[in-house]
Amino acid sequence: MGIAIILLLMIGAVAAFVCKNDKTARLIGLGTTLLNAILAVIMTVTVMNSGPQSVTFGSGTWAQTINIGYIECFMACLFGIVGFLIVWASMSMISHDVEEKKIPMFYGLVLALLGTLNAVVFFESLLGVFVSIELSSFAAAGIVIVKNQTENVHAGLKYLSLSILGSSLVLMGMVILFVATGSLHIGGIAKAIQGNNLMASKSAYILWAYGLISAGVAFKAALFPCHIWLPDAHGTAPSPSSAILSSLVLKAYIVFYMKMVFGGVGFNLIANSPMRMLLNVVMVVGVVAMIAGSVLAIMQTDIKRMIAYSSVAQMGYIFMGIGIGTELGLFAALFHILSHAVTKSGLFLVAGSIIEQTHNRDLNKMGGLGILMPVTMALFTIGGLSMIGIPLFVGFNSKWNFASAIVGSNNYWLLIPLSISALLNALYYLPVVIRAFFGQEAKECTEPLGSKERPIKDLLPIILLACLVILFGVASGPVSDFLQKGIEILTAIGR
Amino acid sequence: MMLNLFHNYYEVAAVILFSIGLLTVLLQRNLIKKIIGLNIMDTSVFLFLAAKGYIAGRMSPIIKDGMTDASKYINPIPSGLVLTGIVVAVSVTAFSLSLTLRWYQQYKTLDLDGVVLKNVWRGEKYE
């Protein structure tokens, strides 16, 4: 099933590339992502009924294994459903940003990107993961550059060079891990490290390997000091691309990192070995990213750049959860992946709608937008409130999870940056909302209510994303149980 | 300690090359030099891998004269990794060079930060 998803997306990508007509390309994009979402849900149901699946092709050390456990299903559903909603929303938005003759290319790149992201998450053998990571960086840089403006080339070059730098670091880490453990499979690495007690005899190798992998993933997933490509790339890309880049692309690398750290080393060794030191660094850097990302976001005047810097802050949360290094911390990080994906994709699509309708990306000129585009701004409000962490929205649940992980691991001081960061989030999302609905311009606005609104059928996918935000905010129980089971399977040795 | 460094000179060379490449990518402003840095990084990883896969006195892992005894050949997996890596590195280089070309045609410079697009974020360039 996992292979079917990857193949489907790749075939869709090729089909979109070769078709000349932009209408056909849109249909291929929409159809393939819908099928992908359905397949992902079917796969999840199968795994829930009959346990994790594993497919191997090839033999010996060359074997490429695809392991579908709970976490992989969770990510596949996320890629499938959020990807489908974003592609649906892009149907009406993309022609604003991308020339007509580049539209087949855009959909081809999006489908190829989703396929490679699925592959990054599914593959068990590091060789497959590495190749998928490289391919996904191409496709990700591609959907930034497809807009064909010089600032996009600038952002794309920056993104490409730093993300290739990240993959080289990851490759070096993988190689050292291979030399130390003699295995290229995450399961084999887990057996070598946990079973043969390599942490005692070869701790320097393993620390170096994980240090390099952490540095590489920090570049790829925009952890704070390595985030410099993110605001440019996410800010200049066409809005649907920004939504995909920030809600899905960053997450695939983080899940790979989680699989490497928690699947490879395991909770017990993390607590009592030099790995703890490394994860402490990850945790502290994550905390710095939480604060710094929000502070930088406050300083922005461009709406998409503000949302992009907010992504930097949210990545900090996820890395803090990983750095805590307990089951609760991992759970909080995984849940935040879901929460950030549904919220941030909605916010980017809303920003795209605003820019498309008003031809303005300056936050200071957005007063009165609540009167001109009430539905769009209501969606922005939902996203903003979820990012701040107001109850009833999914952001609250993930903040709650982080707080309980912090308390559970006795790192009480982390509660201070957590709450400061929530306040900073409020500082840059609320002014936009307040100015749009209640500001002076809103009172003086003479135009009729909703005069610049996009048609509801174009806004429907964004409304569905907002519904997901509220749904997971009100009823997160099933997802939480699912993720708990996933963590158990992920950390079992020799899965 | 020093003796170890001397014995593992391949690995030492690979790590030094890797650091050179990393610093080149991060510190150089010229795009072509950045791409060269990326290539140096990749090559150093290949050197590291090839050195790790080599076993003194054995043949390359291509079956010759029907000899299938594994103890006569070196470890084939690192070599395979190197091959995969080379393919990826070549495509990375091609893609970044083509982007660099577009950048150069637009601004007649290879410096990515020199021409920083000053007006883009103020909304002036945007319609």
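Residues numbered from 1 in each chain as written. Chains lettered and ligands numbered in written order. Predicted model: local features only at pLDDT ≥ 70, side-chain atom pairs only at ≥ 80, totals over all residues. Heavy atoms only, no water.

Enquirer: Outline the overall build of chain A, supporting the account with residue identities and numerical values.
Expert: Across its full length, chain A carries 22 helices and two strands. For chain A, the C-alpha radius of gyration of 22 Å lies close to 23 Å, the compact-globule estimate for 495 residues. C-alpha atoms of chain A, sized along the principal axes, occupy 75 × 55 × 45 Å. Considering chain A as a whole, with its 495 residues, one finds that 68% of them fall into the buried category. Contacts in chain A between residues far apart in sequence, at least 24 positions, make up 81% of those at least 6 positions apart. Accessible surface, chain A as shown: approximately 15,300 Å² in total, 69% of it carbon and sulfur. Across chain A, the 26 positively charged side chains and the 20 negatively charged ones have centroids separated by 5 Å. (Helix = DSSP H or I, 4+ residues; strand = E, 2+ residues; numbered from the N terminus. Rg over C-alpha atoms; globule rule 2.2 N^0.38 Å. Buried < 20%, exposed > 50% of the residue type's maximum accessible area, 1.4 Å probe, protein only. Contact = heavy atoms within 4.5 Å. Areas by Shrake-Rupley, 256 points an atom, 1.4 Å probe, with all protein chains shown as cover. Lys, Arg positive; Asp, Glu negative; His and termini not counted. Charge placed at Lys NZ, Arg CZ, Asp CG, Glu CD.)

Enquirer: Quick one: what's the story with the overall build of chain B, residue by residue and with numbers?
Expert: A count of helical and extended segments in chain B gives four helices and zero strands. Secondary structure elements in chain B, listed N-terminal to C-terminal, are α-α-α-α. With 127 residues in all, chain B has 31% of them scored as buried. Considering only contacts within chain B whose residues lie at least 6 apart along the sequence, 46% involve residues at least 24 apart.

Enquirer: Describe the interface of chain B and chain A, with residues and values.
Expert: If you look at the interface, chain B gives 38 residues, while chain A gives 43 residues. Both faces combined, the contact of chain B with chain A buries some 3,900 Å², and carbon together with sulfur accounts for 79% of it. One can count zero salt bridges joining chain B with chain A. At the surface where chain B touches chain A, the tally comes to one residue pair in polar contact (both at pLDDT 80 or more). At 17 residues, the largest contribution of residues to the side of chain B that touches chain A is made by helix H4 (residues 76-107) of chain B. (Buried area = accessible area lost by both parts, 1.4 Å probe. Salt bridge = Lys/Arg side-chain N within 4 Å of Asp/Glu carboxyl O. Polar contact = N/O pair within 3.5 Å; in protein donor to acceptor, adjacent residues only side chain to side chain.)

Enquirer: Can you tell me about the environment of Glu-151 of chain A, naming the residues and giving the values?
Expert: Residues and elements named next belong to chain A. In this structure, Glu-151 sits in helix H6 (residues 150-181). The class of Glu-151 is buried, set by a relative accessible area of 10%. In this structure, the C-alpha to C-alpha distance between Glu-151 and Leu-34, residues 117 residues apart in sequence, is 32 Å.

Enquirer: Which residues make up H4 of chain B, and what are the values?
Expert: Counted at 1.5 Å a residue, the expected span for H4 of chain B with its 32 residues is 46 Å, and the 46 Å between its end C-alpha atoms agrees. One or two steps after H4 of chain B, the chain reaches Lys-108 of chain B, where phi turns positive at roughly 55 degrees. (Expected span 1.5 Å × (residues − 1).)

Enquirer: Explain the pairing of strand E2 (residues 64-68) of chain A to me, using residue names and the numbers behind them.
Expert: Across a regular strand the side chains alternate sides, sitting on one face of the sheet and then on the other. Residues and elements named next belong to chain A. Burial within E2 is extensive, with five of its five residues counted as buried. Neither face of E2 is open: one carries Gln-64, Ile-66 and Ile-68, the other Thr-65 and Asn-67, and all of them are buried. As paired strands, strand E1 (residues 53-57) and E2 are joined by five bridges and run antiparallel to one another. Counted as the bridge partner of Val-55 is Ile-66 from E2. (Pairing = 2+ DSSP bridges.)

Enquirer: Lay out the packing of helix H2 (residues 22-50) of chain A against helix H3 (residues 70-97) of chain A with the relevant residues and their values.
Expert: Residue and element names in this part refer to chain A. Where H2 meets H3, the axes come as close as 8 Å, and the angle between the chain directions of the two elements is 160 degrees. Judged by the angle between their axes, H2 and H3 are roughly antiparallel. When the axes of H2 and H3 are compared, the crossing they make is left-handed. Counted by class, the contact of H2 with H3 contains 18 nonpolar, seven polar and one charged residues. (Axes fitted to C-alpha atoms, helices over the stretch in contact; angles between N-to-C directions. Parallel < 35°, antiparallel > 145°, perpendicular 65-115°, else oblique. Left-handed = near helix turned anticlockwise from the far one by under 90°. Nonpolar A, V, L, I, M, F, W, Y, C, P; charged D, E, K, R; others polar.)

Enquirer: Now, about the nonpolar core: what can you tell me, with residues and values included?
Expert: Buried together is how nonpolar side chains tend to be arranged in soluble globular proteins. Residue and element names in this part refer to chain A. By size, the foremost hydrophobic cluster in this structure holds 205 residues, and its most contacted members are Tyr-210, Phe-256, Met-258, Ile-322 and Phe-380. Looking at this core, the element that brings in the most residues is H3, giving 18 residues. Residues in contact with Met-258, not counting those within four places in the same chain, are Gly-263, Ile-318, Ile-322, Leu-330, Ala-333, Leu-334, Ile-337 and Leu-490. Met-283, Met-290, Met-320 and Leu-414 belong to the second-largest nonpolar core, a separate cluster that totals 12 residues. (Core = buried A, V, L, I, M, F, W, Y, C linked by side-chain atoms within 4.5 Å.)

Enquirer: Describe a nonpolar patch on the surface, and please don't skip the residues or the numbers.
Expert: A grouping of Val-284, Val-288, Trp-413, Ile-416 and Ile-420 of chain A is seen on the molecular surface, where their side chains present a nonpolar patch of about 440 Å² in accessible area. Contributing elements (two or more residues each) for the nonpolar patch: helix H13 (275-298) and helix H19 (415-438) of chain A. (Patch = residues over 30% accessible without salt bridge, like charges linked within 9 Å, V, L, I, M, F, W, Y side chains within 5 Å.)

Enquirer: I'd like to hear about the side chain of Ser-167 of chain A, residue by residue, with values.
Expert: Along the chain, Ser-167 of chain A falls in helix H6. Setting aside chain neighbours within four positions, we find Ser-167 of chain A in contact with Phe-130, Ile-133, Glu-134, Ser-137 and Lys-220 of chain A.

Enquirer: Just give me the short version of the packing of aromatic side chains, but keep the residues and values in it.
Expert: Residue and element names in this part refer to chain A. Applying the stated criterion across every chain, the model contains 14 aromatic pairs over all chains. Ring geometry for Tyr-70 and Phe-482: centres 4.9 Å apart, planes at 50 degrees, overall tilted. Of this pair, Tyr-70 sits in helix H3 while Phe-482 sits in helix H22 (residues 477-491); the two residues are 412 residues apart in sequence, bridging distant segments of the chain. Looking at Tyr-70, the relative accessible area reads 7%, which means it is buried. Judged by relative accessible area, Phe-482 falls into the buried class, the value being 10%. Seen from their ring centres, Tyr-159 and Trp-229 are 4.3 Å apart, and the 10 degrees between their planes marks the pair as stacked. Separated by 70 residues along the polypeptide, Tyr-159 in helix H6 and Trp-229 in helix H10 (residues 229-236) bring together distant segments of the chain. Summarising the burial analysis for this pair, Tyr-159 and Trp-229 share the class buried. Through a chain of ring-to-ring contacts, three or more aromatic side chains come together here, namely Phe-380, Tyr-428 and Tyr-429. When the ring centre of Tyr-205 is taken as reference, the NZ or CZ atom of Lys-202 above it lies at 5.6 Å. The ring of Tyr-253 carries Lys-220 above its face, with NZ or CZ at 5.0 Å from the centroid. (Phe/Tyr/Trp six-rings, centres within 6.5 Å; stacked < 30°, edge-to-face > 60°. Lys NZ or Arg CZ within 6 Å of the ring centre and 35° of its normal.)

Enquirer: For the pattern of salt bridges, give the residues involved together with the corresponding values.
Expert: All names here are of chain A. Taken as a whole and judged by the stated rule, the model has eight salt bridges over all chains. Note that Arg-305 and Asp-232 form a salt bridge whose closest N and O atoms lie 2.9 Å from each other. Here Asp-232 lies in helix H10 and Arg-305 lies in helix H14 (residues 303-324), a separation of 73 residues in the sequence. For the pair shown, Arg-305 and Asp-232 are each scored as buried.

Enquirer: Any details on helix H18 (residues 394-408) of chain A? Residues and values, ideally.
Expert: All names here are of chain A. Taking 1.5 Å per residue, 15 residues should reach 21 Å; H18 reaches 21 Å between its end C-alpha atoms and fits that length. Looking only at H18, the buried set comprises Val-394, Gly-395, Asn-397, Ser-398, Lys-399, Asn-401, Phe-402, Ala-405 and Ile-406. On the buried face of H18, the contacting elements are H14, helix H15 (327-358), helix H17 (374-388), H19 and helix H21 (456-474). Where H18 ends, the next residue or the one after it, Asn-410, has phi of about 65 degrees, a positive value.

Enquirer: I'd like a description of the packing of H15 of chain A against H22 of chain A, backed by residues and values.
Expert: Residue and element names in this part refer to chain A. Where H15 contacts H22, the axes come no closer than 10 Å and their chain directions differ by 125 degrees. As summarised for this structure, H15 and H22 are arranged oblique, according to the angle between their axes. Remark: the crossing between H15 and H22 carries right-handed chirality. Residues Glu-327, Leu-330, Phe-331, Leu-334, Phe-335 and Leu-338 of H15 form the contact with H22, whose participating residues are Val-479, Ser-480, Leu-483, Gln-484, Ile-487 and Leu-490. Considered class by class, the residues forming the contact of H15 with H22 number nine nonpolar, two polar and one charged.

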